[in-house]
Amino acid sequence: MPRLLTGNRVETGDVIWWTGTGWSLHLKDAVAVDADGEALIARFAPQERINDLALIDADATDAGWRPRTTRERVRAVGPSVRPDFALPSIPVESI
Amino acid sequence: MYRYDEFDQAIVDARVAEFRDQVARRLRNEISEEAFKPLRLMNGIYLQLHAYMLRVAIPYGTLDSRQLRMLAHIARRYDRGYGHFTTRQNIQYNWMKLEEMPDLLADLASVEMHAFQTSGNCIRNISSDQFAAAAADEIADPRPYAELLRQWSTLHPEFSFLPRKFKIAVTGSATDRAAIQLHDIGIKLVQNGDGEIGLKVLVGGGMGRTPLLAHVIRDWLPVADYLSYMEAILRVYNRHGRRDNIYKARIKILVNDLGPAEFARQVEDEWARVKPLGLDPPPSELARIAAHFQPPVLDASAPVAIDLSDPEFAQWVAVNTHPHKVPGHAIVTISLKAPGEIPGDASADQMDLIADLAQAHAQDEIRVTHAQNLVLPHVRRDALFTIWQALKGAGLATANLDRASDIISCPGLDYCTLANARSIPIAQKLAVKLAPQEADLGELKIKISGCINGCGHHHAGHIGILGVDRKGEENYQLLLGGSGAEDASLAKILGPGFDENGIVNAVEKVIGRYQALRTGPDERFLDTYRRVGAEPFKEAVYG
Amino acid sequence: MAETLFRLRSDAGHDGPAVALADYQPGGAAVRLEPADDARALIPHLPALARIDIAFPKFREGRGYSAARILREAGFAGEIRAVGVLYVDQLAFLVRAGFDAVLPETPFDAAVAKATLARFPHVYMKAADAARPVWLLREEAALAGRT
């Protein structure tokens, strides 16, 4: 199963996704890191710029990545009860 | 209202400067996240699912209009235009940036507010009765006793690294609106035959993974010995509370393991040692603080009879106001629970409006309740209609206090990194479904938590709902029979859990069975449950 | 290790090793308390002791604050050294609880330590240090205002 690397930027707390070359606020820009995930965490953690680095499981769908857990879908989109803040990654009603 | 003197202000200002320095060191990478995290937590800053969250302390739930306007300003300037009032009488903001926190805390300090110890394994915000100084059944205003504790516990050198968080509530009324039996320490003001005030001390209550009711360890503590006795309790806990297992680290586990009598004996033993050390301030300090809480001068000849010909207004007066101890006055509860809205959330504009009303009509005071509503404590009855109209225009005139749609809900998995399931959508669905029949149902307290930590007080709900994770799916357990009031009891799980729609249906079935079993309109759901037990409800839901 | 030790005492101090409480012999000058040890067990031996080390094996550990304060309450005037996972931002808590030396895992920045100790102009409660709580300052101010 594809795995994505995510974390929160220390200055702002923003949820960010690893794009292969940098970080994006949008899940749709994420790349599957799969077996490289642990090595990337080992590389970024000591830099202390990204908090709560984690690898999460996601499915590739026609509409883009769909994280496996409700928690990660909420994290990727925003609170399901505030659709006005929803990020465009996956439809908020499909959380 | 307590007002800071030069000492209080200097301490809060120093805290802002300290945190400004700590944030700067963190952003320059001079300090690791591991070392920084406990520092930000002790300033109320969590990293949640979407951003940082800030929890601002509202000591004993009391605000003035200037402070509520500042909370509105913070919502606009630093957040997305709203805040969330919590079951600890605090307010949380959900979209905080760490780099802006020092300026925000400086703004708060400018109106004598702070975020000291709103997280971390330390003594948290002291909570109290939202009807303090207004309730007819009050022995004395509990807030001076809470303020004394606030000061004593602020940056306490011995008790800032406790085994776990520590929550204290103080009440001065026979009716318990502060849930003192569900706190680490509950303080109840009592009066002896000579009219003298003393303190009844309860220890070891709490919700969470192991819900327990508190035990009285002292029926009468002289006020003069208040702080030294608190030191003794905290020292016994700090030395002997479990630190090997985070789920067994609260004081309730220690009290339960030792037994209340042995725990009390150890406290008395420690107290005998610390009492001679001069830890207690002189009576003049409590008197100085109490002078800030002089009851407002209210006109006892204000008219009691008011025009109730508008049925919607009459309904709101009947449901959302309580008698005030001064004739011609009322205590107004402003519901933050309009069905379909997010329980406890208020927009910046709503906060400003309530601040204006408090200033114009309520002696400039606002209270936050543990049920996530706001209170105007001192209102002339002949001003109620004006207030109601203004509230109605802002979507704040829902007449549902303590009714089925007045649901307590934690932020749940929509915001919180600890949550296993969403709470808010369940609260919204239930509120919308139950609102049409709630007048008939009478008092019914539904409380929802998104995880076992129980911030939504599900164990104290007449009907409690606990969100759990079942193999990656949100699942909801149904609990019945809890109360956080003076008749405190712990709700019990009814049976297997449900999905999102299932839990809403299950609650409806429970309520349907209650309506069939109820002896009359005065029998609350909780009374019926206590009379008939769980079986009929189990049968209704699972049968 | 010398540059790691943060010490607020001006006396020479006792440099010898501290023995575990279980191995302590009456007359010994230095002892080490683990978090679960009862500091009160040392009270009969305080006259002989020059230094008491108190261990903080984890950041979350907080029992040592009570231990230090108990020792000061019993009249101990020798060195009380906090040893372990401790950060400079905890310094004010440590000093107020009765510690006058810290041996942290990673050295304190001297400038930050100095700023931390000078940070709060007032304290709310009595503790093991000499700081006078604000309720006392208020009382004095009120009395002065009356005369």
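Our structure's up above, just so we're on the same page.
Residues numbered from 1 in each chain as written. Chains lettered and ligands numbered in written order. Predicted model: local features only at pLDDT ≥ 70, side-chain atom pairs only at ≥ 80, totals over all residues.

A. Representation of the overall build of chain C. In terms of helices and strands, chain C carries four helices and six strands. Along the three orthogonal principal directions, the C-alpha set of chain C runs to about 55 × 35 × 30 Å. The burial tally for chain C puts 38% of its 147 residues in the buried class. Long-range contacts, defined as pairs at least 24 residues apart, comprise 53% of the intrachain contacts of chain C with a sequence gap of at least 6. (Helix = DSSP H or I, 4+ residues; strand = E, 2+ residues; numbered from the N terminus. Buried ≥ 20, exposed ≤ 12 C-beta atoms within 10 Å, placed from the backbone. Contact = placed C-beta atoms within 7 Å.)

B. Local environment of the packing of helix 9 (residues 283–291) of chain B against helix 4 (residues 134–146) of chain C. Between helix 9 of chain B and helix 4 of chain C, the least distance of the axes is 10 Å, while the angle of their chain directions is 85°. In this view, helix 9 of chain B runs roughly perpendicular relative to helix 4 of chain C, as classed from their interaxial angle. When helix 9 of chain B is examined against helix 4 of chain C, the residues Ser-284, Glu-285 and Arg-288 of chain B are found in contact with a partner set consisting of Trp-135, Arg-138, Glu-139 and Ala-142 of chain C. A per-class count over the contact of helix 9 of chain B with helix 4 of chain C returns two nonpolar, one polar and four charged. (Axes fitted to C-alpha atoms, helices over the stretch in contact; angles between N-to-C directions. Parallel < 35°, antiparallel > 145°, perpendicular 65-115°, else oblique. Nonpolar A, V, L, I, M, F, W, Y, C, P; charged D, E, K, R; others polar.)

C. Looking closely at helix 11 (residues 348–361) of chain B. Residues and elements named next belong to chain B. With 14 residues, helix 11 extends 20 Å between its outermost C-alpha atoms, agreeing within 8% with the 20 Å of an ideal straight helix rising 1.5 Å per residue. The complete set of buried residues in helix 11 reads Ala-348, Gln-350, Met-351, Asp-352, Leu-353, Ile-354, Ala-355, Leu-357 and Ala-358. In the stretch just after helix 11, Gln-363 is the one whose phi turns positive, near 55°. (Expected span 1.5 Å × (residues − 1).)

D. The arrangement of the sheet that holds strand 13 (residues 345–347) of chain B in detail. Residues and elements named next belong to chain B. In spatial order, the strands read 1-2-5-4-13; together these five strands make up an open sheet with antiparallel pairing. Both edges of this open sheet fall to strand 1 (45–47) and strand 13, since each of them pairs with a single strand only. Averaged over all neighbouring strand pairs, the angle between strand axes comes to 30°, with direction disregarded. Pairing geometry for strand 1 and strand 2 (residues 52–56), over three bridges, is antiparallel. Residue pairing for strand 2: Ile-45 is matched across the bridge by Leu-54. In this fold helix 11 packs onto strand 4 (82–85) and strand 13, with an angle of close to 80° to the strand it touches most, strand 13. (Pairing = 2+ DSSP bridges.)

E. Inspection of the sheet that holds strand 2 (residues 19–20) of chain C at higher detail. Residue and element names in this part refer to chain C. Taken together, six strands build an open sheet; the order of strands is 1-6-5-4-3-2 and the sheet is mixed. Across the chains shown, the open sheet's two edge strands, defined by having one partner strand only, are strand 1 (6–7) and strand 2. Helix-sheet contacts for helix 1 (residues 63–73) involve strand 3 (30–33), strand 4 (51–56) and strand 5 (79–84), and the interaxial angle to strand 4 is about 165°.

F. Spatial organisation of the nonpolar core. The biggest cluster of nonpolar side chains holds 97 residues, and the ones touching the most others in it are Val-203 and Ile-233 of chain B together with Ile-54, Ala-68 and Leu-71 of chain C. Ranked by residues supplied to this core, first place goes to helix 6 (residues 226–240) of chain B with nine residues. For this core, the two domains that each supply at least three residues are domain 1 (6–109) and domain 2 (127–288) of chain B. Once residues within four sequence positions are removed from consideration, Ile-233 of chain B is found in contact with Ile-185, Val-203 and Val-267 of chain B. (Core = buried A, V, L, I, M, F, W, Y, C linked by C-beta atoms within 7 Å. Domains from an automatic or database assignment.)

G. Region of interest: the interface of chain C and chain B. Taken together, the contacts link 29 residues of chain C with 33 residues of chain B. At the level of elements, helix 1, helix 2 (91–97) and helix 4 of chain C are the ones that each hand at least two residues to the side of chain C that touches chain B. When residues of the side of chain C that touches chain B are assigned to their parent elements, the largest contribution, six residues, is made by helix 4 of chain C. Here the residues of the side of chain C that touches chain B sort into 15 nonpolar, three polar and eleven charged.

H. Spatial organisation of the packing of helix 6 of chain B against helix 8 (residues 260–274) of chain B. Residues and elements named next belong to chain B. Where helix 6 contacts helix 8, the axes come no closer than 8 Å and their chain directions differ by 125°. When the interaxial angle is binned, helix 6 and helix 8 end up oblique. As for the relative orientation of helix 6 and helix 8, their crossing is right-handed in sense. Counted together, Ser-228, Tyr-229, Glu-231, Ala-232, Ile-233, Arg-235 and Val-236 of helix 6 and Gln-266, Val-267, Glu-270, Trp-271 and Val-274 of helix 8 form the full contact between these two elements. For the contact of helix 6 with helix 8, the class distribution of residues is seven nonpolar, two polar and three charged. (Left-handed = near helix turned anticlockwise from the far one by under 90°.)

I. Representation of the interface of chain A and chain B in the model. On the side of chain B, 23 residues touch chain A, which itself brings 21 residues to the contact. Per-element accounting of the side of chain A that touches chain B gives the leading share, four residues, to helix 2 (residues 70–77) of chain A.

J. Highlighting unusual backbone geometry. Phi at Asp-52 of chain A is positive, roughly 50°, even though this residue is not glycine. Its location among the elements puts Asp-52 of chain A in strand 4 (residues 50–61). Owing to 14 C-beta atoms within 10 Å, Asp-52 of chain A belongs among the partly exposed residues under this scheme. You will see that Asp-402 of chain B, though not glycine, has its phi angle at about 65°, which is positive. Its location among the elements puts Asp-402 of chain B in the loop between helix 12 (384–393) and strand 16 (408–409).

K. Representation of the environment of Ile-446 of chain B. All names here are of chain B. Inspection of the secondary structure assignment puts Ile-446 in strand 17 (residues 446–449). Separated by 367 residues in sequence, Ile-446 and Asp-79 place their C-alpha atoms 29 Å apart. When neighbours within four sequence positions are excluded, Ile-446 is seen to be in contact with Ala-404, Ile-407, Leu-430, Gly-461 and Ile-463.

L. A look at the pairing of strand 19 (residues 473–480) of chain B. All names here are of chain B. The buried fraction of strand 19 is high, at six of eight residues. Where strand 18 (residues 463–470) and strand 19 come together, eight bridges link them in antiparallel fashion. From the neighbouring strand, Arg-470 faces strand 19, where its bridge partner is Glu-473. Hairpin connection of strand 18 to strand 19: two residues between the antiparallel strands, including Lys-471 at a positive phi of 55°. Where strand 19 lies against strand 20 (residues 492–493), two bridges are found, and the strand directions are antiparallel. In the sheet register, Leu-479 faces strand 20, and the bridge partner there is Ile-493.

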